[in-house]
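Here is what each chain is made of, one letter per residue.
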Amino acid sequence: NAGVTQTPKFQVLKTGQSMTLQCAQDMNHEYMSWYRQDPGMGLRLIHYSVGAGITDQGEVPNGYNVSRSTTEDFPLRLLSAAPSQTSVYFCASSSRYEQYFGPGTRLTVT
Amino acid sequence: GQSLEQPSEVTAVEGAIVQINCTYQTSGFYGLSWYQQHDGGAPTFLSYNALDGLEETGRFSSFLSRSDSYGYLLLQELQMKDSASYFCAVLAGTGFQKLVFGTGTRLLVSP
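These figures come from a predicted structure and were not determined experimentally.

Colleague: Teacher, can you tell me more about the overall build of chain B here?
Modeller: Across its full length, chain B holds zero helices and eleven strands. For chain B, the N- to C-terminal ordering of α and β elements is β-β-β-β-β-β-β-β-β-β-β. Taken over the C-alpha trace, chain B has a radius of gyration of 13 Å; the compact-globule value for 111 residues is 13 Å, and the two agree within 12%. The dimensions of chain B, computed from C-alpha atoms along their principal axes, are 40 × 30 × 20 Å. Among the 111 residues that make up chain B, the fraction classed as buried is 50%. For chain B, the exposed area adds up to about 5100 Å²; of that, 48% sits on carbon and sulfur atoms. Looking at chain B, you have 5 positive and 10 negative side-chain charges, and the mean spots of the two groups are 8 Å apart.

Dropping the structure here:
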């Protein structure tokens, strides 16, 4: 099992560009989430999904979109990148209370 | 609102015991989790308490008091590899996805 995979590992964007962060899991988990982590901070929930076709907003959803067409994949779209979105992004999946995190994507917006 | 408070940094020596406290105020509460994160790495799950009391997993134990909105992580027989950040997180919704994280405690273990 690969667990939770994320691509790319690193990305640099210019202000106003859009992009999609990819996340996939092979554990057949119902629940998937996206978090961002800023330096010296905890993780903040952006969006989450409780199953294919079902998504909802977390604490900091503005500027991000998600969709969940399959159990395995949960991409995160940045609509128009801003410097405030410079962060490390983690995807996670779970079947119950234990969340499994991917390795993260380090995003810089200039 | 949602807030979780943890000390920002704790230092200890190898072989010692350290306790990391967490107090929380959240609009919903279904359980308290603890995660470990090494520099540059992803968070990894350590423990979960839904009910009051102590849960033990090897060298790590976690405690919860729902009436006091308080929990702690106890690390025994500290090793150098335990140097990392430790986050408490409240499961704040009925689904298992609404985790609210604290800002983390950086543990430095010295020889």
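Colleague: Is there a simple way to explain the packing of aromatic side chains in this structure?
Modeller: The geometry of an aromatic ring pair is captured by the separation of the ring centres together with the interplanar angle, meaning the angle of the planes. If you walk through the whole model with that rule in mind, you get 15 aromatic pairs over all chains. Taken together, a centroid distance of 6.4 Å and an interplanar angle of 80° make the contact between B:F87 and B:F101 edge-to-face. With B:F87 in strand β9 (residues 84-91) and B:F101 in strand β10 (residues 99-101), the pair connects residues that are 14 residues apart, well separated along the chain. Each member of the pair, B:F87 together with B:F101, is buried. These aromatic residues form a ring-pair network of at least three members: A:Y35, A:F90, A:Y97, A:F101, B:Y35, B:F45, B:Y48, B:F87 and B:F101.

Colleague: Please explain the nonpolar core as it appears in this structure.
Modeller: For soluble globular proteins, nonpolar side chains are generally found buried alongside one another. Formed by 24 residues in total, the largest nonpolar core has its most connected members in B:L32, B:W34, B:L75, B:Y86 and B:L107. For this core, the secondary structure elements donating two or more residues are β2 (9-13), β3 (18-25), β4 (31-37), β7 (60-65), β8 (70-75), β9 and β11 (105-110) of chain B. Ranked by size, the runner-up nonpolar core spans 18 residues in total, among them A:I46, A:A81, A:Y89 and A:C91.

Colleague: Looking at this model, I keep getting lost on the interface of chain A and chain B. Mind explaining?
Modeller: Where interface size is given, it is often the accessible area lost as the parts come together that is meant. Facing 24 residues of chain A, the contacting portion of chain B comprises 18 residues. Summing both partners gives a buried area of about 1800 Å² for chain A against chain B, and 62% of it is carried by carbon and sulfur. Area buried by chain A at its contact with chain B is led by A:L43, A:Y97 and A:F101, which between them contribute 31% of it. For the pair chain A and chain B, the interface holds zero salt bridges. The interface formed by chain A and chain B contains three residue pairs in polar contact (both at pLDDT 80 or more). Listed by contribution, the elements that provide at least two residues to the side of chain A that touches chain B are β4 (31-37), β5 (43-51) and β9 (87-94) of chain A. No other element matches β4(A), which puts five residues into the side of chain A that touches chain B. Taken together, the residues of the side of chain A that touches chain B sort by class into eleven nonpolar, nine polar and four charged.

What counts as what
Residues numbered from 1 in each chain as written. Chains lettered and ligands numbered in written order. Predicted model: local features only at pLDDT ≥ 70, side-chain atom pairs only at ≥ 80, totals over all residues. Heavy atoms only, no water. Helix = DSSP H or I, 4+ residues; strand = E, 2+ residues; numbered from the N terminus. Rg over C-alpha atoms; globule rule 2.2 N^0.38 Å. Buried < 20%, exposed > 50% of the residue type's maximum accessible area, 1.4 Å probe, protein only. Areas by Shrake-Rupley, 256 points an atom, 1.4 Å probe, with all protein chains shown as cover. Lys, Arg positive; Asp, Glu negative; His and termini not counted. Charge placed at Lys NZ, Arg CZ, Asp CG, Glu CD. Phe/Tyr/Trp six-rings, centres within 6.5 Å; stacked < 30°, edge-to-face > 60°. Core = buried A, V, L, I, M, F, W, Y, C linked by side-chain atoms within 4.5 Å. Contact = heavy atoms within 4.5 Å. Buried area = accessible area lost by both parts, 1.4 Å probe. Salt bridge = Lys/Arg side-chain N within 4 Å of Asp/Glu carboxyl O. Polar contact = N/O pair within 3.5 Å; in protein donor to acceptor, adjacent residues only side chain to side chain. Nonpolar A, V, L, I, M, F, W, Y, C, P; charged D, E, K, R; others polar.

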